Amino acid sequence: LWVRNHTWKKNKLPGPFAWPIVGNAMQLGQMPHITFANLAKRYGSVYQIKLGSTYIVVLNGDSLIRKALLKHSVEFAGRPNFVSFQSVSGGTSITFRSYSTQWKAHRKIAQATIHAFSNANSKTKKSFEKHIADEAEELVESFIRKSSSHQYFNPSHELTVAAANIICALCFGKRYGHEDQEFRMLLGNVNRFSEVVGAGSLVDVMPWLQSFPNPMRTAFQSFKELNRDFFTFVKEKVMEHRQSYDPEVTRDMSDAFIGVIDQADKETGLTEAHTEGAVSDLIGAGLDTVSTALNWMLLLLVKYPSIQRKLQEQIDKVVGRERLPSVEDKADLAVLEAFIYETMRFTSFIPVTIPHSTTSDVSIEGLNIPKDTVVFINQWSVNHDPEKWLDPHIFNPWRFLDENGALDKDLSNSVMIFSIGRRRCIGDQIAKVEVFVILAILIHQLAFEKDSSQELTLDCSYGLTLKPFDYKISAKPRGSVLNSP
Ligand code: HEM
């Protein structure tokens, strides 16, 4: 402990005064990413805070974050050994385990498997897109049903089911009905996950919160339960796959992982448990993220009806009313692409990445950061960096279109929502296809309206993902092509 404190004192990083016991926990506020960006104005892009007894380095701003995660990619590629992280995916998670040779092998297999089932050739592309289109069509029907029985409804749960079904179809070759009880129960708890693993959550830095009854202890207990239930669900499905496994026929991603990881060579040290860990990670990562993206997009469509109309106009012009939109229309639907990028930038719905840690001592901007330091990477500050974006606080999809109405690829690529470097999201490509196809089909098929008796705000709750507060919409069919003979 002395050595550690000594190192910190010697290399003291700038940062706010930290109070005894709580450190800066009371200063984080409701929206820690905004607090972090404000602190950067005072202390610079790299500074330290203290949460409980843990020192944390916070990185802010477009150029600094790119420099850290690309030029010092390995040094910033660790994950802290938080207790909460150990409860995820039975302790064999890719996402919540630190950097090591074994982790690299595990991540590489997952990356290759995602590619094999979504983008490897025209057949896999087609089958992946078919899963998405099927879910989108289910959503259209379910939204119409909800509108006719309740008029106004909140779409979050249905969006989670759709996102879950797409990733389950890839992993297990099976989707679940919107009314499936086991599935509904499993998905009902996902919010708890985001609250506990989000940067700034206090369960890991103030372990003493576990010793007396308080809301944080309750949240952590239900977090552990939800991880256990979720992992049990995944393990059962993978076990069923093992029992009927045929090396000649790879039915889905579970089979692919069984083929590669169960039989992994001794050098990587990967075991059957890592097969289950990989499947559980992909399902977990693919649920809350994609559904939160869509949730914000529906909210923004009803908040800005004139933008919704522009999107409908372009889709109708490019696609017509005789067929549904597909991923092939992407290049011609620049306004929709711009709307998607602007939603990701403006909301920055994963405001801070999953916490990183340093794998060795590292020096950046002349500041020395010791090995095993927890690092928060403020993606929101990249997407709202005034050096980079004109009027960053304004929702304006047109910023991504050039004078010919085409997507400015350089600008859209500089939106940071999937992180960068060694810990970059491995589902970014499939996530983008999912969001594009679902949104295109929804806008083509339905006109969304807000509940005029309710004030529509963009207020949200903080966690790993930012979630809009409860809001209600209605969905009216725009002349369906789905049920035409
Ligand atoms: C990690 C964003 C969808 C799989 C991450 C991280 C972010 C992110 C910010 C953390 C990166 C870091 O810590 O630096 C998103 C967004 C998505 C999305 C915005 C949807 C719009 C998906 C999907 C999958 C996936 C669909 C897979 C099916 C993963 C995995 C990791 C990860 C496995 C852990 C990577 C690691 O720790 O090395 N994602 N993600 N994500 N994502 Fe995604």
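Residue numbers run consecutively from 1 along every chain, following the written order of its sequence. Reporting of local features is limited, given that this is a predicted model, to residues whose pLDDT is at least 70; pairs of side-chain atoms are given and counted only at 80 or more, and all residues count toward the totals for whole chains, interfaces and linings. The side-chain figures draw on all heavy atoms in the structure; neither hydrogens nor water molecules are used.

S.K.: Help me understand a nonpolar patch on the surface, please; the structure alone is not making it clear to me.
M.R.: Patch building starts from residues that exceed 30% relative accessible area and form no salt bridge, then joins like charges within 9 Å and nonpolar side chains (Val, Leu, Ile, Met, Phe, Trp, Tyr) within 5 Å. Here the accessible surface of atoms and residues is derived via Shrake-Rupley with a 1.4 Å probe, and residues count as covered only by protein chains that are part of the display. Between Lys or Arg on one side and Asp or Glu on the other, a salt bridge is scored when a side-chain nitrogen of the former is within 4 Å of a carboxyl oxygen of the latter. Together, Ile21, Trp208 and Phe212 line one region of the surface with nonpolar side chains, adding up to about 320 Å² of accessible area. Helical segments are the DSSP runs of H or I of at least four residues, strand segments are the runs of E of at least two, and each set is numbered from the N terminus. Summarising the element assignment, Phe212 is placed in the loop between helix 9 (190–197) and helix 10 (215–243).

S.K.: Which parts of the structure should I look at to understand the site of the ligand?
M.R.: Throughout, near means a residue has at least one heavy atom within 4 Å of the molecule or strand. Around the ligand, the surrounding shell holds 25 residues, and the nearest of these are Arg107, His356, Ser419, Arg423 and Cys425. In the analysis that follows, any N or O atom pair within 3.5 Å is treated as a polar contact, provided that within protein one partner can donate a hydrogen and the other can accept it, and provided that, for residues neighboring in sequence, both atoms belong to side chains. His356 places a polar side-chain atom, nitrogen or oxygen, 2.7 Å from an oxygen atom of the ligand. Of all the secondary-structure elements, those providing two or more residues to the shell around the ligand are helix 5 (101–118), helix 12 (272–303) and helix 17 (428–445). In terms of residue count, the dominant contributor to the shell around the ligand is helix 12 (four residues). Each residue receives one of three labels: charged for Asp, Glu, Lys and Arg, nonpolar for Ala, Val, Leu, Ile, Met, Phe, Trp, Tyr, Cys and Pro, and polar for the others, Gly being one of them. Tallied by class, the residues present in the shell around the ligand amount to 14 nonpolar, eight polar and three charged.

S.K.: I keep staring at the side chain of Ser194 and nothing clicks. Help me out?
M.R.: Of note, Ser194 is situated in helix 9. For each residue, the accessible area found with a 1.4 Å probe, counting protein chains only, is set against the maximum for its type, and the residue is called buried under 20%, exposed over 50%, and partly exposed in between. Residue Ser194 is classed as buried on the basis of its relative accessible area of 3%. In this structure, Ser194 is in contact with Asp288, Gly463, Leu464, Thr465 and Lys467, ignoring residues within four places of it in sequence. Any two residues whose heavy atoms approach within 4.5 Å are treated as being in contact.

S.K.: In this structure, what is going on with the packing of aromatic side chains? I would like to understand it.
M.R.: Each pair of aromatic rings is reported with the distance of its centres and the angle of its planes. When two rings of Phe, Tyr or Trp (its six-membered ring) have centres within 6.5 Å they constitute a pair, described as stacked for plane angles under 30 degrees, edge-to-face for angles over 60, and tilted for the intermediate range. One pass over the structure, following the stated rule, counts 17 aromatic pairs. Consider the rings of Trp389 and Phe400, whose centres lie 5.9 Å apart with planes at 65 degrees: the pair is edge-to-face. Of this pair, Trp389 sits in the loop between helix 15 (379–383) and helix 16 (409–413) while Phe400 sits in the loop between helix 15 and helix 16, placing them eleven residues apart in sequence. Classification of Trp389 by relative accessible area gives buried; the value is 4%. Accessibility expressed as a relative area gives 0% for Phe400, which makes it buried. Following the ring pairs from residue to residue traces out a cluster consisting of Phe82, Phe85, Phe96, Phe193, Phe220 and Phe223. Two limits define a charge over a ring: the Lys NZ or Arg CZ must be within 6 Å of the ring centre, and within 35 degrees of the ring normal. The residue whose ring lies beneath Lys330 is Phe436, and the NZ or CZ to ring-centre distance is 5.6 Å.

S.K.: Which parts of the structure should I look at to understand the packing of helix 7 (residues 156–172) against helix 12?
M.R.: Packed helices, taken two at a time, are described by their axes: the angle between them and the distance between them. Fitting a line to C-alpha atoms yields each axis, with helices limited to the stretch in contact; the angle taken between N-to-C directions then spans 0 to 180 degrees. Two elements in contact, helix 7 and helix 12, have axes whose closest approach is 8 Å; the angle formed by their N-to-C orientations is 145 degrees. In this structure, helix 7 crosses over helix 12, and the sense of that crossing is right-handed. Here Ser156, Leu159, Thr160, Ala163, Ala164, Ile167, Cys168, Cys171 and Phe172 of helix 7 lie close against helix 12, whose contacting residues are Val279, Leu282, Ile283, Gly286, Leu287, Val290, Ser291, Leu294, Asn295 and Leu298. Grouping the constituent residues of the contact of helix 7 with helix 12 by class yields 14 nonpolar, five polar and no charged. It is the rotation of the near helix from the far one that decides the hand of a crossing: anticlockwise by less than a right angle makes it left-handed, clockwise makes it right-handed.

S.K.: Before we go on, may I ask you to explain the coordination of the iron atom of the ligand in this structure?
M.R.: Six octahedral donors around a metal ideally make angles of 90 or 180 degrees; four tetrahedral donors ideally make 109.5 degrees. Here the term donor refers to an N, O or S atom within 2.8 Å of the metal (or 3.2 Å for Na, K and Ca), and because water is left out of the atoms, sites may appear incomplete. Of all protein atoms, Cys425 (SG) alone acts as a donor to the iron atom of the ligand, lying 2.3 Å away. Assignment of secondary structure puts Cys425 in the loop between helix 16 and helix 17.

S.K.: Mind showing me how you'd approach the sheet that holds strand 1 (residues 46–51) here?
M.R.: By definition, the strands of a sheet pair up through backbone hydrogen bonds, in either a parallel or an antiparallel sense. In short, DSSP must find at least two bridges between two strands for them to pair. Read from one edge to the other, the open sheet built from four strands follows the order 1-2-6-3, with strand pairing classed as mixed. Lying at the two open borders of the sheet, with one neighbouring strand each, are strand 1 and strand 3 (356–357). Pairing of strand 2 (residues 54–59) with strand 6 (residues 374–377), which is carried by four bridges, proceeds in the parallel orientation. Across the sheet, Val58 pairs through a bridge with Phe376, a residue of strand 6. Along the sheet face, helix 2 (residues 32–43) touches strand 1, strand 2 and strand 6 and points at about 125 degrees away from the line of strand 1. Sheet contacts for helix 3 (residues 62–71): strand 1, strand 2, strand 3 and strand 6; angle to strand 2, the most-contacted strand, approximately 115 degrees.

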